[in-house]
Amino acid sequence: MDKWSILKERVISEKAFIAQEENKYVFVVDKKANKTEVKKAVEELFGVEVEKVNIINVKGKTKVFRGIKGKRPSYKKAIVTLKEGQTLKEL
């Protein structure tokens, strides 16, 4: 898998900003990606050292809008912990 297609986007949320204080960064990743592929992609693209990677499969929620049922898509997200002293540059 190509390193450019593994990391889809960076998660921008209140919890993600709080996690940055602990040197953790959150990304939406490809559904087929595993921990080692995510680790290699982050290290190569951003030039940092990764300590560990946690992966979470987020199931899409069922929603009702004006009486019509729909479903949000499922996705996979990765929480990447960097080694002490390492930071990601603002994108």
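So, here's what we can say about the structure. What you are looking at is a predicted structure, and each value in this text was computed from that prediction instead of being measured.

### Notes on the pairing of strand β5 (residues 68-71)
Judged from the 4 bridges that link them, strand β4 (residues 62-65) and β5 form a sheet pairing that is antiparallel. Residue pairing in the sheet places V64 in a bridge with K69 of β5. Between the end of β4 and the start of β5, which pair antiparallel, lie 2 residues, with R66 showing a positive phi angle near 55°.

### A look at the sheet that holds strand β3 (residues 50-58)
Sheet strands associate in pairs through backbone hydrogen bonding, adopting either a parallel or an antiparallel arrangement. The 4 strands are arranged β1-β2-β6-β3 in an open sheet whose pairing can be described as antiparallel. Each end of this open sheet is capped by a strand with a single partner; those strands are β1 (7-10) and β3. Direction aside, neighbouring strands of the sheet carry axes that sit 30° apart on average. Its contacts with the sheet place helix α3 (residues 35-46) against β1, β2 (24-29), β3 and β6 (75-82), and it is angled at close to 125° to β3.

### Some points on the nonpolar core
Counting 16 residues, the largest nonpolar core has L7, F27, V38, V42, V80 and L82 as its most contacted members. Of all the secondary structure elements, the ones that give two or more residues to this core are β2, α3, β3 and β6. Every residue in contact with V42, bar those within four places of it in the chain, is listed here: L7, F27, G47, V48, V50 and V80.

### What about the pattern of salt bridges?
Applying the stated rule across the entire model yields 3 salt bridges. Ionic pairing is found between E22 and K24, a salt bridge with its closest N-O pair at 3.8 Å. What makes E22 exposed here is its relative accessible area of 53%. On the accessibility criterion, K24 (27% relative accessible area) is partly exposed. With a closest N to O distance of 3.5 Å, E49 and K83 form a salt bridge. In this pair, E49 is assigned in the loop between α3 and β3 and K83 in the segment after β6, connecting sequence segments 34 residues apart. Using a relative accessible area of 42% as the deciding quantity, one classes E49 as partly exposed. In this structure K83 comes out as partly exposed when scored by relative accessible area, which is 36%.

About the thresholds
- Think of each chain on its own: its residues are numbered from 1, step by step along the sequence as written.
- Per-residue local features of the predicted model are confined to residues with pLDDT of at least 70, and side-chain atom pairs are confined, for both listing and counting, to 80 or more; whole-chain, interface and lining totals are unaffected and use all residues.
- To get the side-chain values, all heavy atoms of the structure are used, and hydrogens and water are removed first.
- At least two bridges found by DSSP between two strands is the condition for calling them paired.
- The way it works is that DSSP assigns letters per residue, a run of H or I at least four long becomes a helix, a run of E at least two long becomes a strand, and they are numbered from the N terminus.
- All axes are obtained by fitting lines to C-alpha atoms, using only the stretch in contact for helices, and the reported angles, taken between N-to-C directions, cover 0 to 180 degrees.
- What makes two residues a contact is simply this: any of their non-hydrogen atoms within 4.5 Å.
- Buried Ala, Val, Leu, Ile, Met, Phe, Trp, Tyr and Cys residues form a nonpolar core when they are joined through side-chain atoms within 4.5 Å.
- Burial here depends on accessible area, computed with a 1.4 Å probe over protein chains only, as a share of the maximum for the residue type. Under 20% is buried, over 50% is exposed, and the range in between is partly exposed.
- For salt bridges, the criterion is a side-chain nitrogen of Lys or Arg within 4 Å of an Asp or Glu carboxyl oxygen.

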